[in-house]
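Overview (structure and organization)
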Amino acid sequence: MDLKDHIRSIPDFPKPGILFYDISTLLAEPSAWKVTVERLAELVEPYRPALLIGIESRGFLTAAPLALRLGLGFAMVRKKNKLPGATVEHTYDLEYGSDTIEIQADAVEPGQRVVILDDLLATGGTAAAAVHLLRSVGAEVAAAAFIIELAFLQGRDKLDLPVHTLISYDD
């Protein structure tokens, strides 16, 4: 199955000049979504993670069913002030300004092997920040996996770990 057939492209979203790759149409098609989860499982399983980490917010949609499929736990990396209880945060630079992400302080045990998941790898800034945050709490970040990669933005170059994607757009 060609998963690209199930990704909708929306021009000028969220701002003019941006072509947005929408996974809503993929999620709406059960057979395509099942193939997506199965293919991600094939990529992630060899790393033998104990926990999958989803990056807000579409990474939750990617990591949660995969964790269920693999019989693993799931934890969230979210924007600041979205998680209850004690959290650990990491602030990182954006093209214009900065952003902060957090994880619950007890979500990952020191030395625990994790794989990061999100729907899309673009510039790699948020994924790299998630790797930094997870390492700061003692996680062993084994790999990252994404449904879509915008290869022309070279986001994987910001990640010092194995990166896997199911779909790649080169322009």
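All of the points below concern the structure found in this document. Given the structure is predicted, the values throughout are model-derived calculations rather than measurements.

Conventions and cut-offs
- Residues numbered from 1 in each chain as written.
- Predicted model: local features only at pLDDT ≥ 70, side-chain atom pairs only at ≥ 80, totals over all residues.
- Heavy atoms only, no water.
- Helix = DSSP H or I, 4+ residues; strand = E, 2+ residues; numbered from the N terminus.
- Rg over C-alpha atoms; globule rule 2.2 N^0.38 Å.
- Phe/Tyr/Trp six-rings, centres within 6.5 Å; stacked < 30°, edge-to-face > 60°.
- Buried < 20%, exposed > 50% of the residue type's maximum accessible area, 1.4 Å probe, protein only.
- Lys NZ or Arg CZ within 6 Å of the ring centre and 35° of its normal.
- Pairing = 2+ DSSP bridges.
- Axes fitted to C-alpha atoms, helices over the stretch in contact; angles between N-to-C directions.
- 1 Å grid on protein atoms, 1.4 Å probe; cavity = no way out; pocket = protein on both sides within 12 Å on 5 of 7 lines; lining within 4 Å.
- Points joined across faces, edges and corners; volume = space filled by probe spheres on them.
- Nonpolar A, V, L, I, M, F, W, Y, C, P; charged D, E, K, R; others polar.
- Parallel < 35°, antiparallel > 145°, perpendicular 65-115°, else oblique.
- Contact = heavy atoms within 4.5 Å.
- Lys, Arg positive; Asp, Glu negative; His and termini not counted.
- Salt bridge = Lys/Arg side-chain N within 4 Å of Asp/Glu carboxyl O.
- Polar contact = N/O pair within 3.5 Å; in protein donor to acceptor, adjacent residues only side chain to side chain.

**Here's the deal with the overall build of the protein**
Counting its regular elements, the protein contains four helices and nine strands. Listing each helix as α and each strand as β along the protein from the N terminus yields β-β-α-α-β-α-β-β-β-β-α-β-β. The C-alpha radius of gyration of the protein comes to 15 Å, within 12% of the 16 Å expected for a compact globule of 171 residues. Along the first, second and third principal axes, the C-alpha set of the protein runs to 40 × 40 × 30 Å.

**Overview of the packing of aromatic side chains**
A full pass over the atoms with the stated rule returns three aromatic pairs. A centroid spacing of 5.1 Å and a plane angle of 85° characterise the contact between F13 and F20, whose relative ring orientation is edge-to-face. Using a relative accessible area of 41% as the deciding quantity, one classes F13 as partly exposed. Aromatic pair F60 and F74: ring centres 6.2 Å apart, planes at 75°, arrangement edge-to-face. With a gap of 14 residues between them, F60 in helix α3 (residues 58–70) and F74 in strand β4 (residues 73–79) connect regions that are remote in the sequence. Looking at K4, its charged tip hangs above the ring of Y169, at a distance of 4.7 Å from the centre.

**A word on the sheet that holds β4**
In space, the seven strands of this open sheet follow the order β5-β6-β4-β3-β7-β8-β9, with mixed pairing throughout. Pairing within the sheet leaves two strands with one partner each, and these edge strands are β5 (87–94) and β9 (163–169). Shown here is a sheet whose adjacent strand axes are inclined to one another by a mean of 20°, direction ignored. Here strand β7 (residues 113–121) runs beside strand β8 (residues 140–150); their pairing, made up of eight bridges, is parallel.

**Observations regarding the layout of surface pockets**
Reported here for the largest pocket is a volume of approximately 1300 Å³. Of all the secondary-structure elements, those providing two or more residues to the lining of the largest pocket are β2 (19–22), β4, β5, β6 (97–104), β7, α4 (125–136) and β8. The greatest single-element share of the lining of the largest pocket, amounting to four residues, is contributed by β7. Of the residues contributing to the lining of the largest pocket, the split by class is 20 nonpolar, six polar and eleven charged.

**Here's the deal with the packing of helix α2 (residues 30–44) against α3**
Packing of α2 against α3 leaves a shortest axis separation of 10 Å and a crossing angle of 70°. Between α2 and α3, the crossing angle belongs to the class labelled roughly perpendicular. Residues W33, V37, E38, L40, A41 and V44 of α2 pack against L61, T62, P65, L66, R69 and L70 of α3. Looking at the contact of α2 with α3 residue by residue, the class counts come to nine nonpolar, one polar and two charged.

**Section: the environment of D157**
Mapped onto the elements of the fold, D157 is located in the loop between β8 and β9. Taking relative accessible area as the criterion, D157 reaches 60% and is therefore assigned exposed. Spatially, the C-alpha atom of D157 lies 7.7 Å from that of G124, the residues being 33 residues apart in sequence.

**Section: the side chain of D118**
With respect to the helices, strands and loops of the structure, D118 is situated in strand β7. In this structure, D118 is buried with no salt-bridge partner, the nearest side chain bearing the opposite charge being R58 at 6.0 Å. In this structure the side chain of D118 is engaged in a polar contact, spanning 3.1 Å, whose partner is the backbone nitrogen of G59. Once you skip the residues sitting within four places of it in the chain, D118 turns out to touch I55, R58, G59, T62, A145, F146 and I147.

By themselves, these figures tell us nothing about what the structure is for.
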